Amino acid sequence: MTIKRREFLKATAAGGALIVTGSQSASASTAGETIPPQAVGILYDSNLCIGCQACMTACKEANDMPPEHSGQYSTWDNPLDLSANTLNIIKMYKDGEKYAFIKRHCMHCLEPACANACPVSALVKDRETGIVTYDASACIGCRYCQVACPYNVPKFDWYSPFPQIHKCQLCDHLFQQGRYAACCESCPTGASLFGPVEKLKKEAERRLLLEPDKYYDFPVNHIEKGNTRRHKAEKYIPHIYGSEEVGGSQYMILSGTDFSKLGLPDLRERSYVKDLEGVANTFYKYLIYPVAAFAGLVYLVRKREHHE
Ligand code: SF4
Ligand code: SF4
Ligand code: SF4
């Protein structure tokens, strides 16, 4: 089996903290193996996306982030990528007359490599919603999460005297107001759809079976709110991106254009976290012998001292 250098580094980062920080991280690594019962996520359908970028504006407003300028002549390409001030971005793929869009942000992985790499649990996966959240007060700025993330999502505040990591947290701060992810609230076509992960997955599977060029109703904004729009179905690539990659995620993507052409990494199914779990377990298993021997010696010395 061959392993690419980049994959090796990501796997090492994903599991490195598992070995260094011990059982705390080890238990965090198992939290995401199954989808939590109340897990929420997003289904993004590139075939329905018109590139209006309303989701980007809503994201900035909801997360209090300033606009960014890429320095490009095209105002549409502002900014060019995710950053500490841009948690969600719409990118465009152009092939002749054909356009396709892709929405990039945190995937909220079922087995988040970022959380496993974090030595101080500043990134954790919520046991109920499955959202991977960030606690700035715990972060020590080591940036292991950046190296570990297979999607290159977490971004660092390079220009701040007190830098933090920034990434989408699925707008969990809006939930208490009865709201949900701002990108989905604002999407006019249903391309960005919020809801329970299981329901979104069923909706994605339904779309893959639609007959191209026929008209169907598509849920918009929130899959449980009942609003729909009628669209002409287009042919889909027969795969739900994000449902299997590196252990699966709570952000799923459908597209009629090859995922690789949209800039999505071609990832294997097994998560990097799984690889290092075996190493960590072996490490602890054999570490127990010297620890037990040391404890035995301490006991004998204490006993002797007491006797004397
Ligand atoms: S996409 Fe990256 S930052 Fe988001 S949960 Fe997965 S590993 Fe973490
Ligand atoms: S869920 Fe919220 S933070 Fe995440 S991309 Fe959508 S609007 Fe931005
Ligand atoms: S708001 Fe919806 S249609 Fe507009 S760019 Fe975002 S995902 Fe696409």
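Residues numbered from 1 in each chain as written. Chains lettered and ligands numbered in written order. Predicted model: local features only at pLDDT ≥ 70, side-chain atom pairs only at ≥ 80, totals over all residues. Heavy atoms only, no water.

### Considerations on the site of ligand 1
Counted only if it meets this: By convention in this text, a residue qualifies as near a molecule or strand provided that one of its non-hydrogen atoms is within 4 Å of it. The residue classification treats Ala, Val, Leu, Ile, Met, Phe, Trp, Tyr, Cys and Pro as nonpolar and Asp, Glu, Lys and Arg as charged. All others, Gly included, are polar.
Neighbouring ligand 1 are 13 residues; Cys106, Met107, Cys109, Cys114 and Cys149 lie closest to it. Class assignment of the residues belonging to the shell around ligand 1 gives a composition of 11 nonpolar, one polar and one charged.

### Thoughts on the confidence of the model for the protein chain
Stated formally: Known as pLDDT, the predictor's per-residue confidence is scaled from 0 to 100. Any two residues whose heavy atoms approach within 4.5 Å are treated as being in contact.
Confidence along the protein chain averages 86 in pLDDT terms, with 78% of residues attaining 70 or more. Low pLDDT, under 50, characterises residues 16-32; the predicted model gives this stretch 35 contacts beyond four residues in sequence or across chains.

### Here we look at the nonpolar core
What counts is decided by this rule: What is meant by a nonpolar core is a set of buried Ala, Val, Leu, Ile, Met, Phe, Trp, Tyr and Cys residues, joined one to another through side-chain atoms within 4.5 Å. For every residue, the accessible area obtained with a 1.4 Å probe (protein chains only) is divided by the maximum for its type, and the residue is called buried under 20%, exposed over 50%, and partly exposed between those limits. Only DSSP runs of H or I reaching four residues or more are called helices, and only runs of E reaching two or more are called strands; each is numbered from the N terminus.
Membership of the largest hydrophobic core comes to 56 residues, with the highest contact counts inside it found for Ile42, Tyr44, Tyr151, Phe194, Tyr241 and Ile253. If you list the elements that add at least two residues to this core, you get β1 (40-45), α3 (54-62), β2 (89-95), β3 (98-104), α6 (182-186), β8 (192-196), α7 (197-208) and β11 (251-254). Ignoring anything within four residues of it in the chain, the contact list for Tyr151 reads Arg104, Met107, Cys109, Tyr241, Glu245, Val246, Pro265 and Leu267. In terms of nonpolar packing, the next biggest core, distinct from the first, is built from 10 residues, Cys118, Ala122, Val132 and Phe156 among them.

### So, the sheet that holds β1
Backbone-to-backbone hydrogen bonds join strands into a sheet, with any given pair of strands oriented parallel or antiparallel. How we decide: The pairing criterion is simple: DSSP has to find at least two bridges between the two strands. Every angle, taken between N-to-C directions, lies between 0 and 180 degrees, and every axis is a line fitted to C-alpha atoms, over only the stretch in contact when it is a helix.
Here we have three strands laid out as an open sheet, ordered β8-β1-β11, and mixed in their pairing. At either margin of the open sheet sits one strand with a lone partner, and together these are β8 and β11. With direction set aside, neighbouring strand axes in the sheet form an average angle of 20°. Looking at chain direction, β1 and β11 are connected through four bridges and run parallel.

### Considering the environment of Thr129
Just so we agree on the cut-off: Any pair of nitrogen or oxygen atoms within 3.5 Å is treated as a polar contact; in protein, a donor-acceptor pairing is required on top of that, and neighbouring residues in sequence qualify only through side-chain atoms on both sides.
Topologically, Thr129 is positioned in the loop between β4 (123-125) and β5 (132-134). C-alpha separation for the pair Thr129 and Pro37, spaced 92 residues apart in sequence, amounts to 7.5 Å. Residue contacts for Thr129: discarding those within four places in its chain leaves Gln38, Ala39, Val40 and Gln250. Reaching out from Thr129, the side chain makes a polar contact with the backbone nitrogen of Ile131 at a distance of 3.2 Å.

### Some remarks on the site of ligand 2
The full set of residues close to ligand 2 is Cys59, Asn63, Asn88, His105, Cys168, Leu170, Cys171, Ala181, Ala182 and Cys183. Split by residue class, the shell around ligand 2 holds seven nonpolar, three polar and no charged.

### Some thoughts on the pairing of β2
Bridging between β2 and β3 involves seven bridges; their strand directions are antiparallel. For Ile89, the partnering residue across the bridge sits in β3 and is Arg104. Between β2 and β3, which pair antiparallel one after the other, the connecting turn spans two residues, and Gly96 there sits at a positive phi close to 65°.

### A look at the pattern of salt bridges
Convention followed: One speaks of a salt bridge when a side-chain nitrogen belonging to Lys or Arg is within 4 Å of a carboxyl oxygen belonging to Asp or Glu.
Using the criterion set out here, one finds eight salt bridges in the structure. Linking Glu203 and Arg206 is a salt bridge whose minimum nitrogen-to-oxygen distance equals 2.9 Å. Placement of the pair is Glu203 and Arg206 together in helix α7, with a separation of three residues, close to one helical turn. The exposure class assigned to Glu203 is buried, which follows from its relative accessible area of 8%. We classify Arg206 as partly exposed; its relative accessible area is 29%. For Arg207, the salt bridge goes to Glu203, with nearest N and O atoms at 2.8 Å. Taken together, the residues Arg207 and Glu203, both in helix α7 and four residues apart, mark about one turn of the helix. Neither residue differs from the other here; Arg207 and Glu203 are each classed as buried. Here the salt bridges do not stand alone but share partners, grouping Asp45, Glu203, Arg206 and Arg207 into one network.

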